[in-house]
Amino acid sequence: MNTLEKYLKKFPNFFINRNINNVESINNFISPSEKWLEDPFLFKSMNISVDRILSNPKSKPILIHGDCDADGVSACAVLNKYLTSIGYNVHYYIPNRSSEGHSMSLKAIDFAKSIGSDLIITCDLGMSCFDQIEYANNQGLDVIITDHHKASDRIPEAYSIINPWLDSNINLPFKEYSGSGVAFKLCHAINIKLSLDLSFLYELMEITMIGIISDKVPILRENRLITYNGHLMMLKGNNLGLKVLNKAISPKSTNVNKIIKIINMLTKIEDSSIGVKLLSTNNMVQANKYVNRALKSFYKNNSEFNNSIQNAIRQVHTQEYLDNKFIFIISEFDSAYNGAIANILSIKFRVPVIVISDNGDYYKGSCRSVEGADILSFIESHNKLFFSYGGHPMASGFVIPKDKIEELKSALIDFMSNINLSSSTNNKNYDGIIYFKDIDDDFISFFNNFLPYGKGNESPEFISKGVRTIGKPNIFGKNNDSIKFKLVQNNIEFNAIGFGLINQFEKLITKDKFDIKFRISKDMNNKVLLDIGDIK
């Protein structure tokens, strides 16, 4: 029996949960084929978009307008890096998340006009920017929208729209692109049109990966091919900015999720385009400068962000989220954190999450969902509750009057009562039952074949039974709501950490043996650390 067959037999849930339950499909996932790179010209508006870009004189500026999150930033960087590499004069704009929000900026349109541009390409936004695009049209600017958010009944009057969810793209063989993925397909199409080597595209996969993972699109087919190669490139240090940033935060391993957190936070500082600069630079001096600025901003905001996470986790444990099948958080913190909070909680608790925060006369909300629960369809079916909304099935946002919150909760309870999350996650909310003796270098090496993790390929979660604590658990965190402790099973010991698990503290000190649900990570010394999700 070879290694793959051994693990397939020992941990069938892991493979079933990823819908790769035979040797052939597993091998295809571990080593994805270039055949998964879909023809970009299957997008109905791709040809005219490519022709418009290539007809633009190389000396004449093009403005790329990204969205203010990690997907929008990475999408903007993909286009900036590619178009610059083939000789175009590129400028870019990322709106400030706190002051401008997730929309096209009139300031950006005016800037495009001022530099002599007559072409704007949007990344990860545009489908709801009717007034802004009309304004751009009146200024004599063509707007090419690249976006992956589902359209409403009304379509913006842009020069062209590259969006997999348009009715005209109903026959696309693959639609689950991120904003960065759609930007990548535009570059792919230009690459084909110019008969350039495929290596130009592979250079972009590391940046594209950031958007795919951050925006929770499924890690399958073309997304798996891109993230697989992107992760390999990150291990090699292909992108200078990401290499310097990762070395600063995680010198002994890659930490894509922390990089995503840092990029997200950068869109609320004064120079909100710093993330694009970081992802685009080929200059070591600039890379170090951007990383230093990024980390200074991150650590300044990280304390508040961690507090917002711990506050949210405390709220979770006061809710009947297993019965309701969703989590609803009212945050006391900056709305810029809402998406990140919702994302972390949806991964940790495996139910849809809505996080709202007070913005004066209204609440601003972000949603992250799980397989089987289309959160955008819920929002669309109750559109009269909202001032505005947008997104896709797994990640959406909205603005809502304060007096509509209880109605929203009630509607969500009704909606989720008809959703069977257990069947949509293949009837298992864990990936295997293991003993501590199973966790060795070979075990970790095997599961590293499935990196990077993301939607549909989450970091594996295991159960171990009959474990005990050694010594006294230590409480930590600003709010004293997290625990560090040591566990033993059959004379094998591991350090463990439980974020927001203070409500489980009594079990650790009173029960002789208990069961744990956990993910396996590494500490700063590259030693195994068990990240505990639950104690029974």
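**As for the nonpolar core**
- Formed by 149 residues in total, the largest nonpolar core has its most connected members in Leu83 and Leu530.
- In terms of residue count, the dominant contributor to this core is helix α15 (residues 284-316) (11 residues).
- Filtering out sequence-adjacent residues up to four positions away, Leu83 remains in contact with Ile53, Ile64, Tyr88, Val90, Ile121 and Ile190.
- In this structure, Met104, Ala108, Leu141 and Ala158 belong to the second largest nonpolar core, which totals 18 residues.

**Quick word on empty space enclosed by the protein**
- Taken as a whole, this structure holds two cavities of 30 Å³ or more when the rule is applied.
- The computed volume of the largest cavity comes to approximately 70 Å³.
- Around the largest cavity sit Arg97, Lys261, Asn264, Met265, Phe305, Ala336, Tyr337 and Ala340, which together line it.
- Sorting elements by how many residues they give to the lining of the largest cavity places helix α13 (residues 256-266) first, with three residues.
- Of the residues contributing to the lining of the largest cavity, the split by class is five nonpolar, one polar and two charged.
- In this model, the second largest cavity occupies a volume close to 30 Å³.
- As for the second largest cavity, its lining consists of Glu38, Asp39, Leu42, Phe43, Leu172, Pro173, Phe174 and Tyr177.
- A per-class count over the lining of the second largest cavity returns six nonpolar, no polar and two charged.

**Regarding unusual backbone geometry**
- For the bond from Leu451 to Pro452, the omega torsion is -5 degrees, close enough to zero to count as cis.
- Within the secondary structure, Pro452 is located in the loop between α21 (441-447) and β12 (461-476).
- Phi angles above zero are rare outside glycine, and Ser195 is one such case at about 55 degrees.
- Here Ser195 is to be found in the loop between α8 (179-193) and α9 (199-202).

**As for the environment of Gly390**
- Along the chain, the position of Gly390 falls in strand β9 (residues 388-392).
- A relative accessible area of 30% places Gly390 in the partly exposed class.
- Between the C-alpha atoms of Gly390 and Val276, which are 114 residues apart in sequence, the distance is 23 Å.
- Excluding anything up to four places from it in sequence, Gly390 contacts Leu376, Ser396 and Gly397.

**So, the pattern of salt bridges**
- Applying the stated rule across the entire model yields 19 salt bridges.
- The partner of Glu222 in a salt bridge is Lys185, and the shortest N-O contact between them spans 2.6 Å. Within this pair, whereas Glu222 is found in helix α11 (residues 221-236), its partner Lys185 is found in helix α8, the two being separated by 37 residues in sequence. Accessibility classification places Glu222 together with Lys185 in one group, the buried group.
- Lys409 is the partner of Glu406 in a salt bridge, and the nearest nitrogen-oxygen pair spans 3.9 Å. Of the two residues, Glu406 and Lys409 both sit in helix α19 (residues 405-417), three residues apart, roughly one turn of that helix.
- Overall, Glu406 belongs to the exposed group, its relative accessible area being 56%.
- On the basis of relative accessible area, Lys409 is assigned to the partly exposed category, the value being 24%.

**A look at the packing of helix α10 (residues 205-214) against α11**
- Put simply, α10 and α11 touch, their axes get as near as 8 Å, and they point 120 degrees apart. Accordingly, the angle class assigned to the pair α10 and α11 is oblique. Between α10 and α11 lies a crossing of left-handed hand. Contact residues: Met205, Glu206, Thr208, Met209, Ile210, Ile212 and Ile213 in α10; Asn223, Leu225, Ile226, Thr227, Asn229, Gly230, His231, Met233 and Met234 in α11.
- Class assignment for the residues of the contact of α10 with α11 results in nine nonpolar, six polar and one charged.

**Some details on the confidence of the model for the protein**
- Averaged over the protein, the pLDDT score is 92; the fraction of residues at 70 or greater is 99%.
- Overall, residues 423-427 carries pLDDT values under 50, and its contacts beyond four positions in sequence, including any with other chains, amount to six contacts.

**Examining the sheet that holds strand β8 (residues 362-368)**
- Strand order in the open sheet made by the five strands is β6-β7-β8-β10-β9, with mixed pairing throughout. The open sheet has two free edges, formed respectively by β6 (327-331) and β9, since each of these has just one partner strand. The sheet shows a mean angle of 15 degrees between the axes of neighbouring strands, taken without regard to direction.
- In the sheet, β8 pairs with strand β10 (residues 395-401) via seven bridges, with the strands oriented antiparallel. Each residue of the ladder has a partner; that of Tyr362, found in β10, is Pro401.
- Of the strands in this sheet, β6, β7 (353-358) and β8 are in contact with helix α17 (residues 338-349), which crosses β8 at around 40 degrees.

**Some points on the sheet that holds strand β2 (residues 90-93)**
- Reading across from one edge, β2-β1-β3-β4-β5 is the order of the five strands in this open sheet, with parallel pairing throughout. The open sheet is flanked by β2 and β5 (160-162), the only strands paired with a single partner. Recorded for the sheet is a direction-independent mean angle of 20 degrees between the axes of neighbouring strands.
- Two elements, strand β3 (residues 119-123) and strand β4 (residues 142-146), share five bridges in a ladder whose sense is parallel. Bridging from a neighbouring strand, Thr122 pairs with Ile145 of β4.

Scoring rules and cut-offs
- The written sequence of each chain sets the order in which its residues are numbered from 1.
- Where totals are concerned, whole chains, interfaces and linings use all residues; where local detail is concerned, this predicted model gives features only for residues with pLDDT of at least 70, and gives and counts side-chain atom pairs only at 80 or more.
- Heavy atoms throughout the structure, all of them, feed into the side-chain values; hydrogens and water do not.
- Put simply, a nonpolar core is a bunch of buried Ala, Val, Leu, Ile, Met, Phe, Trp, Tyr and Cys residues held in one set by side-chain atoms that sit within 4.5 Å of each other.
- Burial classification: accessible surface area is computed with a 1.4 Å probe over protein chains only, and a residue below 20% of its type maximum counts as buried, one above 50% as exposed, and the rest as partly exposed.
- Each helix is a run of DSSP H or I of at least 4 residues and each strand a run of E of at least 2, with the numbering of both proceeding from the N terminus.
- What makes two residues a contact is simply this: any of their non-hydrogen atoms within 4.5 Å.
- Using only the protein atoms, space was sampled on a 1 Å grid; points where a 1.4 Å probe fits but cannot get out form cavities, open sets with protein on both sides within 12 Å along at least five of seven lines form pockets, and lining residues are those with an atom within 4 Å of a point.
- Grid points are joined across faces, edges and corners, and a volume is the space filled by probe spheres set on the points.
- Basically, the charged four are Asp, Glu, Lys and Arg, the nonpolar ten are Ala, Val, Leu, Ile, Met, Phe, Trp, Tyr, Cys and Pro, and anything else, Gly included, counts as polar.
- Throughout this description, the term salt bridge denotes a Lys or Arg side-chain nitrogen within 4 Å of a carboxyl oxygen of Asp or Glu.
- An axis is simply a line fitted to the C-alpha atoms; with a helix, the fit covers only the stretch in contact. Between two such axes, the angle follows the N-to-C directions and lies from 0 to 180 degrees.
- Here is the rule for angles: anything less than 35 degrees is roughly parallel, anything more than 145 is roughly antiparallel, 65 through 115 is roughly perpendicular, and the remaining ranges are oblique.
- In this scheme, a crossing is called left-handed if the near helix is turned counterclockwise away from the far one by less than a right angle; it is called right-handed if the turn is clockwise.
- Summary of the metric used: pLDDT quantifies the predictor's per-residue confidence within the range 0 to 100.
- Strands were regarded as paired on the criterion that DSSP finds at least two bridges between them.

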